[in-house]
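# Chain and residue survey
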Amino acid sequence: MSTEVAVIGFAQAPCLPSAGTTSGVETLVPVLGRALAEARLDRREVDFWCSGSSDYLAGRAFSFVNAVDAIGAYPPICESHVEMDAAWACYEAYVQILAGEAETALVYGFGKSSAGQLRRVLALQLDPYTVAPLWPDSVSVAAVQARCAVDAGVVSERAMAEVAVRSRADARANPYSQVSGVFDLDDLLAGPYLADPLRGHDCAPVSDGAAALVLAAGERARRAPRRAWISGMAHRIDPQGLGERDLTEVPSASAAAQAACLPGDLDVAELHAPFTHQELLLRAALGLGDRVRINPSGGALCGNPMFSAGLARIGAAAGEVMSGRARTAAGHATSGPALQQNLVCVLEAS
Amino acid sequence: MNGVDAPPLSAPLTISFDYTRSLGPVLSRFMTGLRERRVLGSRTADGRVHVPPLEYDPATHAPLTDLVEVAATGTVTGWTWTDRPLDGQPLDRPFGWALIRLDGADTALLHAVDAGRPERMRTGMRVRIRWAAERTGHIRDIACFEPGEGSADPLRLADEPVTVMTTPIRLSYTHTTSADESRYLRALAEGRLLGQRCPVCRKVYVPPRVCPADGVPTETEVAVRDRGTVTTFCVVNVPFAGQRLEPPYVVAQILLDGADIPVPHLILGLPADQVRMGMRVAAVWRDRASWTTTPENIAHFRPTGEPDAPYESFQDHL
């Protein structure tokens, strides 16, 4: 049993407005291949497979069972699934390795957000008695949160637009991003509201995509060409009722960061913030100072494939460590409405 | 993959179903209250009143049984505006979404505000419930909120308490096939059955798919005959909604000649109790004029009259 776990490989599909088949299998095959190649691991050396996805996205039952074709489940393999972003599948795999149940794991997430009407489909994650039957869409729910934050003075529409400008500029270096480029702050602020106070640039695009991450325990990780050690990982949840908490704060992100021992000298944070104001709320909740580079990948604002965008944040943070650009990095993932659930994964070089 | 293809086939797919949910003691009283134009909240040990009601105290974890009535008028604590309402939302004209703290409550509920135009929305605005004309004990008994004070008087109804709520769900998708599935379906429209061979295990899959044993795309195209062997089957005796045939009838796994994975289909043309493993069957195609890119081009399979295939010939394909 090892107490050390590292990320040894990562790959993602390009974030696209619409990508091929609804099944996800064809999207996953090359992504899994590249992640394993980076980790120098054969498919049959993977002890544990874990995925994140949702049937509601594709509108077909047991879509994750269908996707198992992509991993070659014969002879029988050890596999699990979470109906959440695959960052939570990563947590499950991490625990499996810590528990000595596996030495290596491959985590993957996929989603074809474009098959249905994403912001409407996401209404089904809300309380099924008193909220979901009203079909509040995910953009409107986020906009109510943004309004609360603007009213409280913790964010401004200008600061939100600055997040979009920085993210899109950084995304130019990320070949997997869907949105990128140089944008003028005032031009963005002159745009119409999508859902007051959110404009188009405040919202992540609807993206199809997939991602895969390879984990390994101590000695096995040291044999991989590159690695980023996980020094802590934790997730927490806030109440489901949107009116049950102060939407301008993210207590579950703070609690997860504390439990994961987020270091004070962090170099990079990849934050899973599908809306600009959420990045600002998360920076405050995680206590990230000005010296922390936020989302050098461009973040979810520049490509937000459901169920893999959070895992991709961990992969991007690991990539910063593996490449030597950072000694410490954090990958963050969110799930549920208005930053209800948050996961923090701390990665270190040595 | 096999060269350049026409774009993958896609088609609209609408799924709908009713979620029927038991309410439990707290939400039952809440929904029963809505039917009487009353809003009930639950009081936690710290004295706070939660609307919508919580079922358990988040601090003490005790069941919450102390429900109190709050006003049908309240204050907006957060809002946004929607210009183009989506299917199923409370209003079909532009409206505001708002978190609303009803007078007497300490938490806010999310609902629609029929304010006419966005300029009328603001944090702190006063709103009141517009009740649905017909109420059934459902959150939609609150039709929406509207700017203003006061509300219709509560009623005293002698009806049974509401214990179940039903919420219809309707979702529309565009379902898109893979390139391989598209080739398979297009061949079906020409009366041909296509398989593809896995480059690793050499098995032929019909319809083509990523090889589930090896995790690689199947590559070589293989024509498969429209006749084969029943490997296993079941007799459907149970009637169900949407059933097209009168039970009993047989659904079988059919190993087409040249394929390694059986396909499911109907076996008709003989009494259900005469279908057997190893029976040789052939496809019965519908009228050619009706062929499209669907498996329905084959109406069913029927016995060919050939001798049964020996068990050894299909034992590895069960």
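Here the structure is a predicted model, which means the values were calculated and not measured.

## A short note on the domain arrangement of chain A
Residues and elements named next belong to chain A. Per the domain assignment, the segments of chain A are domain 1 (5-115 + 206-228) and domain 2 (119-203 + 231-348). Relative to domain 2, the C-alpha centre of domain 1 lies at a distance of 22 Å. Between domain 1 and domain 2, the residue contacts involve 43 residues of the former and 35 residues of the latter. At the boundary of domain 1 with domain 2, total buried surface from both sides reaches about 2900 Å², with 70% on carbon and sulfur atoms. If you sort the residues of domain 1 by the area they bury against domain 2, C15, D85 and W88 come out on top, with a joint share of 21%. Broken down by secondary-structure element, the contributors of at least two residues to the side of domain 1 that touches domain 2 are strand 1 (5-12), helix 1 (25-39), helix 2 (55-58), helix 4 (86-98), strand 4 (104-112) and strand 7 (208-217). Taken together, the residues of the side of domain 1 that touches domain 2 break down into 26 nonpolar, 10 polar and seven charged.

## Here's the deal with the environment of G24 of chain A
Within the secondary structure, G24 of chain A sits in the loop between strand 1 and helix 1. On a C-alpha basis, the gap between G24 of chain A and G111 of chain A in space is 6.8 Å, while along the polypeptide they are 87 residues apart.

## Here we look at the sheet that holds strand 4 (residues 67-70) of chain B
All names here are of chain B. Ordered by their spatial adjacency, three strands build an open sheet running 3-2-4, and the pairing between neighbours is antiparallel. Of all strands in the sheet, those with a lone pairing partner are strand 3 (49-50) and strand 4, marking the two edges. In the sheet, strand 2 (residues 39-43) pairs with strand 4 via four bridges, with the strands oriented antiparallel. Following the sheet pairing, V39 is matched in strand 4 by V70. Strands strand 2 and strand 4 of the sheet are contacted by helix 1 (residues 24-35), whose axis makes an angle of about 155° with strand 2.

## Some points on the packing of helix 7 (residues 157-170) of chain A against helix 11 (residues 276-286) of chain A
Residues and elements named next belong to chain A. For the pair helix 7 and helix 11, the least separation of the axes is 8 Å and the interaxial angle reads 100°. What the angle tells us is that helix 7 and helix 11 run roughly perpendicular. In contact with A159, M160, V163, A164, R166 and S167 of helix 7, helix 11 contributes T276, H277, E279, L280 and R283. For the contact of helix 7 with helix 11, the residue count by class is five nonpolar, three polar and three charged.

## Considerations on the confidence of the model for chain B
Overall, the predicted model of chain B reaches an average pLDDT of 94, with 98% of residues at or above 70. Scored as a whole, the predicted complex attains pTM 0.94, and scored at its interfaces, ipTM 0.95.

What counts as what
Residues numbered from 1 in each chain as written. Chains lettered and ligands numbered in written order. Predicted model: local features only at pLDDT ≥ 70, side-chain atom pairs only at ≥ 80, totals over all residues. Heavy atoms only, no water. Domains from an automatic or database assignment. Contact = heavy atoms within 4.5 Å. Buried area = accessible area lost by both parts, 1.4 Å probe. Helix = DSSP H or I, 4+ residues; strand = E, 2+ residues; numbered from the N terminus. Nonpolar A, V, L, I, M, F, W, Y, C, P; charged D, E, K, R; others polar. Pairing = 2+ DSSP bridges. Axes fitted to C-alpha atoms, helices over the stretch in contact; angles between N-to-C directions. Parallel < 35°, antiparallel > 145°, perpendicular 65-115°, else oblique. pLDDT = per-residue confidence, 0-100.

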